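Structural description and commentary
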Amino acid sequence: MSNEVIEKPRLWTGNHYNEGIGRDDIFDKLREECGVFGVFGHPNASDLSYYGLHALQHRGEESAGICTVDTTDNNKFNSYRGMGLVKEVFDKDKLDMLAGDRSIGHVRYSTAGESKLANAQPLIFRYRDGDLAVATNGNIVNAPEIRRELEMAGSIFQTSSDTEVIAHLIARSPKDFETAAKEALQRIVGGFAFLIMTNDKLLVASDPHGLRPIAMGRIGDGYVFSSETCAFETIGAEYMRDVQPGELLVLDSDGMRQDRYAEVERRATCAMEYIYFARPDSDIHGINIHSARKRMGQQLAIESFVDADIVIGVPDSSISAAIGYAEQTGIPYELGLIKNKYTGRTFIQPSQELREKGVKMKLSAVRKVVEGKRVVMIDDSIVRGTTSRRIVNLLREAGAAEVHVQITSPPFKNPCYYGIDTPDRKELIASYRTVEEIRKEINADSLAFLSDEGFVESVGGNDGEHNRGMCLACFDNDYPTVVDENSDKSCGC
Ligand code: SF4
């Protein structure tokens, strides 16, 4: 089956921008990385992947792809990738052509300039032992260095994706596939979850710190793997456990074997998964995201209570925290901001005037709810400050008497090198402004951030022995790996 390019201009998609409009044009929110979904041993692997990827759509809206292995037809590879949402890329005919009982799938978000089909995953290669497909969520910190080395040795790269590095490392190794994959994983540094498939094996790996989540479930006699557990609910699979840091699962006709390619150095699941990225109905390490966000809101109220008439949350990620804040304080929770879920692909040009209109297309303040009220507005983070200012101004224009902004994360001061698309440090407002200066800049009556300790407590602790170690580097600058401040830190998927 051939790949088809469904080229789209880079436009507002409802959650973030595609090509043609810069990152800071309307919403300066952080960007999801990618989502991966794997199936092993189920006759409808492509259908399950479709529904699984659809549940992970919030992690990447730019491209989607599925590769299957048909064990009833000489372990043949079938694949299809396209630009756009899962429901736009696939239809029944395409899924029917993806026969097989094993599959890996991917949804991708990428930074500007990389929006092309060649980078859509799963990436598929021919090597000496047959076919090889790779799908990743995350970023390889030392990919540029390995890539240079491989190119010097004669490798020709087909994409600008970091993911290709692992394929070349495997293909160049004289060792058997499993050993080659293990050694390749040992060479790379970063935050990642890998699904690697050949004609007869599926490998599942998490980085040695568990920065990017990946969970395992069962459906019938088969196994499923997903960046988030919400996909298991969608397809009727039963959650089994999270894939452990440094773990390597090998699935083939003999069943599943649990192996390791690295010891756990320090558990460091991305804190922003709990705060912002993951869906509220997902669990990470046994922690439900909605419940954790509610506790963040409760903790904010304990740390920074402000007397007000109503509490509102910036949809969608801050609704749970706003409910928690309201429960803790007794201040009524209200729907003061409504998100228009049907903005779709709007042809907004990045002029100042249209940027402001763009905010109104995406979010509306409910005048009858906020007019004359002292409002506590809960949000998950402040990146550059432009989004917060626009939302505060929306509420003021709708008649809010006071707007108190409370943030469910500590100040976001440092960029991410593990697959979250963040601006450079100098563009992160908390890295160069005090809280009071930020308050003035976003036009709020008061501003408070959740403390580091309060955040950690809300999630359930930061105790590596209890499976809950977190990366907090964007708040405390303590990166779990060596990072190169000058490197390209964009998502490597
Ligand atoms: S630096 Fe921040 S965004 Fe990146 S993995 Fe760590 S916690 Fe997550």
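Refer to the structure presented above.
This text gives an overview of the structure that appears in the document. (Residues numbered from 1 in each chain as written. Predicted model: local features only at pLDDT ≥ 70, side-chain atom pairs only at ≥ 80, totals over all residues. Heavy atoms only, no water.)

Here we take up the overall build of the chain. Looking only at helices and strands, the chain features 16 helices and 23 strands. A burial count over the chain gives 62% of its 493 residues as buried. Across the chain, every contact between residues at least 6 apart in sequence was considered, and the portion connecting residues at least 24 apart equals 70%. When the accessible surface of the chain is split by element, carbon and sulfur atoms take 48% of a total near 18,100 Å². (Helix = DSSP H or I, 4+ residues; strand = E, 2+ residues; numbered from the N terminus. Buried < 20%, exposed > 50% of the residue type's maximum accessible area, 1.4 Å probe, protein only. Contact = heavy atoms within 4.5 Å. Areas by Shrake-Rupley, 256 points an atom, 1.4 Å probe, with all protein chains shown as cover.)

A143, I146, R147 and L150 are the residues of helix α4 (residues 143-152) that are buried. Taken end-on, α4 shows its buried residues confined to a sector of 100°, consistent with a single buried face. Set apart from the buried face of α4 by more than 90 degrees, the exposed residues are R148 and M152. Taken together, the buried residues of α4 touch β6 (130-140), α5 (163-172) and α6 (177-187). (Arc of directions from axis to C-beta.)

Let's shift gears to the site of the ligand. Looking at the ligand, the residues that line it are L211, R212, C270, A271, M272, C416, Y418, I420, C471, A473 and C474. Here the ligand occupies the largest cavity. When residues of the shell around the ligand are traced back to their parent elements, those giving at least two are α8 (271-277) and α16 (473-476). (Near = heavy atom within 4 Å. 1 Å grid on protein atoms, 1.4 Å probe; cavity = no way out; pocket = protein on both sides within 12 Å on 5 of 7 lines; lining within 4 Å. Sits in = over half its atoms within 2 Å of the grid points.)

Once that is clear, we can look at the environment of F277. With respect to the helices and strands, the residue F277 is situated in helix α8. Exposure remark for F277: the relative accessible area of 2% places this residue in the buried category. Spatially, the C-alpha atom of F277 lies 8.0 Å from that of S317, the residues being 40 residues apart in sequence.

Backbone torsion omega between Q121 and P122 reads 5°, so that peptide bond is classified as cis. Relative to the elements of secondary structure, P122 occurs in the loop between β4 (102-108) and β5 (123-127). Cis peptide bonds are those with omega within 30 degrees of zero, and the linkage from P315 to D316 qualifies with -5°. Despite not being glycine, N74 has its phi angle at roughly 55°, a positive value. Looking at the element boundaries, N74 is found in the loop between β2 (63-70) and β3 (76-83). What makes N74 exposed here is its relative accessible area of 74%. Unusually for a residue other than glycine, H285 sits at a positive phi of about 50°.

Take the packing of aromatic side chains next. Across all of its chains, the model carries 8 aromatic pairs by this definition. Measuring from ring centre to ring centre gives 5.1 Å for Y276 and F277, while their planes differ by 55°; the resulting arrangement is tilted. Aromatic pair F455 and F475: ring centres 6.2 Å apart, planes at 70°, arrangement edge-to-face. Here the residue F455 occupies a position in helix α15 (residues 452-459), and F475 occupies one in helix α16, the gap between them amounting to 20 residues. For F455, a relative accessible area of 0% translates into the label buried. Judged by its relative accessible area of 7%, F475 falls in the buried class. Each member of the aromatic cluster is reached from another via a ring pair, and the members are F412, F455 and F475. One Lys or Arg, R218, reaches over the ring of Y223 and ends 4.0 Å from the middle of that ring. (Phe/Tyr/Trp six-rings, centres within 6.5 Å; stacked < 30°, edge-to-face > 60°. Lys NZ or Arg CZ within 6 Å of the ring centre and 35° of its normal.)

To continue, consider the pattern of salt bridges. According to the stated counting rule, one finds 31 salt bridges in the structure shown. In this structure, D252 and R257 form a salt bridge, with 3.4 Å as the shortest nitrogen-oxygen distance. You can call D252 buried: its relative accessible area is 7%. The class for R257 is partly exposed, based on a relative accessible area of 39%. A salt bridge links R433 to E441; the nearest nitrogen and oxygen atoms lie 3.1 Å apart. What emerges from the salt-bridge pattern is a single network uniting R59, R212, E228 and E273. (Salt bridge = Lys/Arg side-chain N within 4 Å of Asp/Glu carboxyl O.)

Attention now moves to the sheet that holds strand β10 (residues 222-226). Across the sheet, which stays open at both edges, the 7 strands sit in the order β3-β2-β4-β1-β10-β9-β11 with antiparallel pairing between neighbours. Each edge of the open sheet carries a strand with a single partner, namely β3 and β11 (238-242). On average, each strand axis in the sheet is tilted by 15° relative to the strand beside it, whichever way the strands run. Relative to β4, β2 runs antiparallel, the two sharing 7 bridges. (Pairing = 2+ DSSP bridges. Axes fitted to C-alpha atoms, helices over the stretch in contact; angles between N-to-C directions.)

If you trace the backbone, D421 turns up in the loop between β21 (402-407) and α14 (435-442). Looking at D421, its side chain comes within polar contact range of the side chain of Y109, at 2.9 Å. (Polar contact = N/O pair within 3.5 Å; in protein donor to acceptor, adjacent residues only side chain to side chain.)

In this section: the pairing of strand β8 (residues 202-206). Here is the key point about a regular strand: its side chains alternate between the two faces of the sheet. Extensive coverage of β8 is indicated by the burial of 5 of its 5 residues. Covered by surrounding structure in β8 are L202, V204 and S206 together with L203 and A205, the residues of both alternating faces. Pairing analysis gives 5 bridges linking strand β7 (residues 190-198) to β8, with the strands arranged antiparallel. Bridge assignment links I196 to a residue of β8, and that residue is L203. In sequence, β7 turns back onto β8 through a hairpin of 3 residues. Pairing between β8 and strand β12 (residues 247-252): 4 bridges, direction antiparallel. Within the sheet, the bridge partner assigned to V204 lies in β12 and is L249.

By themselves, these observations are geometric and do not establish any function.
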